[in-house]
Amino acid sequence: MEYKMRTGTHKDCKMKLLFFLVVIKLCSGQYDPNVKPGKTSIVHLFEWKWEDIADECERYLGPNGFGGVQISPPNENLVITKPWRPWDERYQPVSYQLCTRSGNEEQFIDMVTRCNNAGVHIYVDTVINHMTGYGAGIGNSSTCGSYFNSGARDFPAVPYSFLDFSNYKCKSHSGGIENYNDPYQVRDCQLLGLLDLALEKDYVREKIAEYMNNLINIGVAGFRLDASKHMWPGDIKAILNRLEDLNTTWFSNGTRPFVYQEVIDLGGEAISASDYFGTGRVTEFKYGAKLGTVIRRWNGEKMAYLRNWGEGWGFMPSDRALVFVDNHDNQRGHGAGGSSILTFFESQLYKMAVGFMLAHPYGFTRVMSSYRWPRHFADGKDINNWMGPPSNPDGSTQPVTIKADTTCGNNWVCEHRWRQIKNMVIFRNVVDGQALTNWWDNGNNQIAFGRGNKGFIVFNNDDWDLDVTLNTGLPAGTYCDVISGQKQDTMCSGKKITVNKDSTAHFQISNTAEDPFVAIHVNAKL
Ligand code: QV4
Ligand code: CA
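Residues numbered from 1 in each chain as written. Chains lettered and ligands numbered in written order. Predicted model: local features only at pLDDT ≥ 70, side-chain atom pairs only at ≥ 80, totals over all residues. Heavy atoms only, no water.

- An unreviewed UniProt entry annotates the protein chain as Alpha-amylase originating from Xenopus tropicalis.
- As its UniProt record puts it under Catalytic activity (unreviewed entry), the protein chain is described as follows: "Endohydrolysis of (1->4)-alpha-D-glucosidic linkages in polysaccharides containing three or more (1->4)-alpha-linked D-glucose units." (UniProt positions renumbered as here; feature names shortened; annotations may be inferred.)

Next up, the structure:
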């Protein structure tokens, strides 16, 4: 089984496997997130500038146990001015040169170096299914000024010509994807009018691998493969087979890049997430959609039903899943997920959802970090959902400023700096490897569970108070609740919880509390 799932992921795997059991781990690197030992999460610093990310790695992410950062696409993209500099222009590549609104190549190298040295790894959002849209135009309106002609399918800065695109294979009327139940259309036709690359071509594979190998040599730890559903698994495999091992300045010999593929599978389509298990992890979009429904108590859902959360809810195997409460698409009504998705706009419920995700053992976790935009609904749709990051009149991105209370300015939300979320990232590190234990629920929306003898969490999402004595599994002592406060030296700025000799503890959580949940772990013992 192991053998079957992992063959072909690296050129040499098959052969080495026959001789050395130990090589299995090296070959299976694409499932392993490549975070430093003891770290368990990454954060998506959506649209941040490279110099701000470098600072954040050193001053905040490293010291607080974050394993890595997913960055916005670093390669040259179309500059869109109508509407003014939307965020999604970064999903319209013009070349593989490293210059975007986030910074140039020198700044990129500096970020990767400084973050790696701070023990925080970089994961690149890689847009390789397509180039810019067919209708993008002719000229140099791209982030490094490279010339292109989208109508002629000419991108000399790569170079790609009309021979490198897959339109000759596409059988739909319009040349775009019209029917998501036809896997050929989904892979061979244009997604949203974006020029679809012929990934079966050796030349195209080589150009993409060159780009990704450049990133690997600079020192990145892995890749989010954008629009993976629109690429044939065999083509993805052929590209990954051309990738080098990670840079040995920071990673041990033979480490393969971590790969997580963006496949939106909410069920009911011809293509399923499992088609991509052979080439890496896959985004589990059911996770945020379902968790949002439960925490909102929609459709008769209750937190008590979370008892068998994970595979028990029809999700993919935990060791294949990349999980998140919201992402840059579904927090603003793009992509899939729908109205149940929780975001920073509903902060109280959002913190509970993220807290639950980070406490629960299922999947590899990604925390979202956003910028604020003036959401404006018309006919149920947010008409401002195209708006790019906080920017200056010339279009340059504004820096992430840090206030005295450690929150961010300039409309950067920095969810990852919210005390409750930051402390749950640490909680997940502390309980890493421990099984889910001591589940309790009231049959409704009050639940609690532990992670071995390392940590315990209690939620009250009912409309009445919680007042109960539970077995926590923890050693006796006084613990600091890391949601209402945190341990500072020998003091606790939040609630204190006393765990008795028999591991039981008494919990009281008002349903009107600012954060109606409590979390304790052995590193927050007083
Ligand atoms: C429009 C029309 C098309 C027409 C085309 C003609 O809608 O029907 O063919 O013009 O030129 C933007 C516009 C979109 C426009 C397109 C091309 O929104 O209306 O097409 O540009 O000009 C992001 C945004 C998209 C954006 C795209 C490129 O979400 O709105 O499109 O960037 O700028 C599916 C996929 C999944 C995908 C998700 C959004 O299975 O893979 O849709 N998610 C990823 C990224 C996402 C990104 C892309 C893929 C594309 O997470 O952020 O799309 O790289 O579910
Ligand atoms: Ca395609």
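1. What to know about the site of ligand 1
Okay, so step 1: Taken together, 18 residues are adjacent to ligand 1, and Asp88, His230, Glu262, Asp329 and His334 come closest.
Okay, so step 2: A distance of 2.8 Å separates an oxygen atom of ligand 1 from a polar atom in the side chain of Asp226.
Okay, so step 3: Expressed as a share of its isolated accessible area of 930 Å², the protein-covered part of ligand 1 is 69%.
Okay, so step 4: A per-class count over the shell around ligand 1 returns 6 nonpolar, 7 polar and 5 charged. (Near = heavy atom within 4 Å. Polar contact = N/O pair within 3.5 Å; in protein donor to acceptor, adjacent residues only side chain to side chain. Areas by Shrake-Rupley, 256 points an atom, 1.4 Å probe, with all protein chains shown as cover. Nonpolar A, V, L, I, M, F, W, Y, C, P; charged D, E, K, R; others polar.)

2. What about the coordination of the calcium ion (ligand 2)?
Okay, so step 1: Each protein donor to the calcium ion (ligand 2) is listed here as Asn129 (OD1), Arg187 (O), Asp196 (OD), Asp196 (OD) and His230 (O); together their distances run 2.4 to 2.6 Å.
Okay, so step 2: For the calcium ion (ligand 2), the donor residues sit on a single chain with the sequence spacing N-x57-R-x8-D-x33-H.
Okay, so step 3: Classification of Arg187 by relative accessible area gives buried; the value is 6%. (Donors = N, O, S within 2.8 Å, 3.2 Å for Na, K, Ca; no water. Buried < 20%, exposed > 50% of the residue type's maximum accessible area, 1.4 Å probe, protein only.)

3. A short note on the layout of surface pockets
Okay, so step 1: The volume enclosed by the largest pocket comes to roughly 660 Å³.
Okay, so step 2: Leu191, Leu192, Glu262, Asp329 and Gly335 are the residues nearest the centre of the largest pocket, which is lined by 26 residues in total.
Okay, so step 3: In the lining of the largest pocket, the residues fall into 11 nonpolar, 8 polar and 7 charged.
Okay, so step 4: Lining of the second largest pocket is provided by 21 residues; of these, Arg332, Gly333, Ser339, Arg375 and Phe377 occupy positions nearest its centre.
Okay, so step 5: Its residues assigned to classes, the lining of the second largest pocket shows 4 nonpolar, 11 polar and 6 charged. (1 Å grid on protein atoms, 1.4 Å probe; cavity = no way out; pocket = protein on both sides within 12 Å on 5 of 7 lines; lining within 4 Å. Points joined across faces, edges and corners; volume = space filled by probe spheres on them.)

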